Structures are given as C-alpha cells and as structure tokens.
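Take a look at the letters that make up each chain.
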Amino acid sequence: MQNVTALRGDITQIRCDVIVNAANTTLLGGGGVDGAIHGAAGPGLLEECRRLGGCNTGDAKLTAGYDLPAKYVVHTVGPVWHGGEHNEETLLRQCYSRALDLAEEIGARSIAFPAISTGVYMFPADLAADIAVATIYNRKAIIDGELDAILVAFDQKTLDLYQERLT
Ligand code: APR
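Criteria and thresholds
Residues numbered from 1 in each chain as written. Predicted model: local features only at pLDDT ≥ 70, side-chain atom pairs only at ≥ 80, totals over all residues. Heavy atoms only, no water. Near = heavy atom within 4 Å. Polar contact = N/O pair within 3.5 Å; in protein donor to acceptor, adjacent residues only side chain to side chain. Helix = DSSP H or I, 4+ residues; strand = E, 2+ residues; numbered from the N terminus. Nonpolar A, V, L, I, M, F, W, Y, C, P; charged D, E, K, R; others polar. Contact = heavy atoms within 4.5 Å. Expected span 1.5 Å × (residues − 1). Buried < 20%, exposed > 50% of the residue type's maximum accessible area, 1.4 Å probe, protein only.

K.L.:
What is the right way to look at the site of the ligand in this model?
P.N.:
Around the ligand sit 20 residues in total, of which Asn24, Gly31, Val33, Asp34 and Gly119 are the nearest. At a separation of 3.0 Å, a nitrogen atom of the ligand approaches a polar backbone atom of Ile11. Gly31 is positioned with one of its backbone polar atoms (N or O) 2.8 Å from an oxygen atom of the ligand. Elements with a minimum of two residues in the shell around the ligand: strand E2 (18-23) and helix H1 (32-41). If you tally residues by element for the shell around the ligand, the top one is H1, at four residues. Counted by class, the shell around the ligand contains nine nonpolar, nine polar and two charged residues.

Given below as structure tokens:
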C-alpha cells in the first residue's frame, strides 16, 4: 500500500499531523525517543503531560506538538518484553490501534510511528515489525487511503525489517 512507508530518520523532524511517542506510564519523559520528542517539543509538552495523569500500557493519550514540526503527539506506552508469555504482543498491537484511534478522532491525514518497545523495553524488533505492519495494514482508514502512515526507523536494521514487510 503506497500510503504506508518506512524511512530512516529522527521522528522529531517529521512534518506530519501526528507523531507517536514511545512513552512510559508516567508520561513525564525519559530517554530514547521519549527524550528526543520532549527535547524538541520544549517545556510546554511536559506541562501538558503532567495534567494527563499517566497512561496505562497499551493505551495512548494525545497532546499538542508544541515546538515540533508535527501538530500533535500521541503518547503510547508499549509493553516491556518479558519473554512473550505476558500478553506483550496484544499490548503492543493495542498501542498501534489506540494511536490510530486518536489520530482518526482528530481527522489526521498522516501519522508517524517509532519502533515502539524495541529499545529500552527490549521487544524483539522483528516481531514488533510484524505487529506494526499488520495492525496498520488492517486499518480501514489506511486501506481507504484516508490516512498515511510512516514507520520511522532510527537504525538500518529496523528499516530493513520494515521494508521486508511493506508491500
Ligand atoms: N526518532 C525515531 N526513533 C527513535 C529516536 C528518534 N529520535 N530515538 C530512539 N528511537 C528508536 C529506538 O532506536 C528504538 O528503535 O525508538 C525505538 C524505541 O526505543 P525507546 O525510545 O527506547 O522506547 P521503548 O523501547 O518503547 O522504551 C520506552 O524508554 O525512553 C524511555 O520513557 C521511555 O520508559 C520509556 C522507555
């Protein structure tokens, strides 16, 4: 599907309607992509996040994009990988589908995802790529061409995994 693409880059520089943040349950920032997004968005993002009261694993919450080129940020909390017997796959799938729900609710035309949970949270990158691509490909708004999705890889290995799966 030509409206689902993958690229290698820094998600804080993507000019699209929504970028997704791989956050933690406090929503108060961290390292990795969470740190990069807060660093680029500026202090207003944290101020708004403070008012959200955290976020459950597998769920997602929306904020403005502040100093980012993106209009909005969807903060989602991916599962920590504990071997695969703790509902990790379902929770990661929920991150993608909840982020897509929120993007559709605001009428977004484009959404960019990092490789949620595959860094600090140690989720296997190949399985995560399977889940990301399958969830996005099965989304009606994507199938109908109403929403474009960009899978943003921070390293070549992740980009290769996406490109092997995109048709
Ligand atoms: N742009 C795009 N992708 C990025 C960027 C960036 N600027 N920085 C890191 N990444 C990639 C990582 O290389 C990895 O592939 O995002 C993916 C997710 O890695 P993490 O950021 O470590 O996120 P995650 O594994 O979901 O762990 C979340 O880490 O930073 C903390 O507060 C965060 O506690 C939470 C945990």
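K.L.:
Help me out: how do you make sense of the environment of Ala60 in this one?
P.N.:
Among the secondary structure elements, Ala60 is positioned in strand E3 (residues 60-64). With residues up to four places along the chain from it excluded, the contact list for Ala60 reads Cys55, Val74, His75, Thr76, Arg98, Ala99 and Leu102.

K.L.:
It is not clear to me how helix H3 (residues 88-105) should be interpreted in this structure. Could you clarify?
P.N.:
The end-to-end C-alpha distance of H3 is 26 Å, a good match for the 26 Å that 18 residues give at a rise of 1.5 Å each. Three or more residues of H3 are buried, namely Glu88, Leu91, Leu92, Cys95, Tyr96, Ala99, Leu100, Leu102 and Ala103. Those residues of H3 that are buried lie in contact with E2, E3, strand E4 (72-77), strand E5 (110-113), helix H4 (125-137) and helix H6 (156-165).

K.L.:
Please clarify how the side chain of Thr12 should be interpreted in this entry.
P.N.:
Relative to the helices and strands, Thr12 resides in the loop between strand E1 (4-8) and E2. At a separation of 2.8 Å, a polar atom in the side chain of Thr12 contacts the side chain of Asp10. When near neighbours in sequence (up to four residues on either side) are disregarded, Thr12 contacts Ala36, Ile37, Ala40, Leu68 and Pro69.

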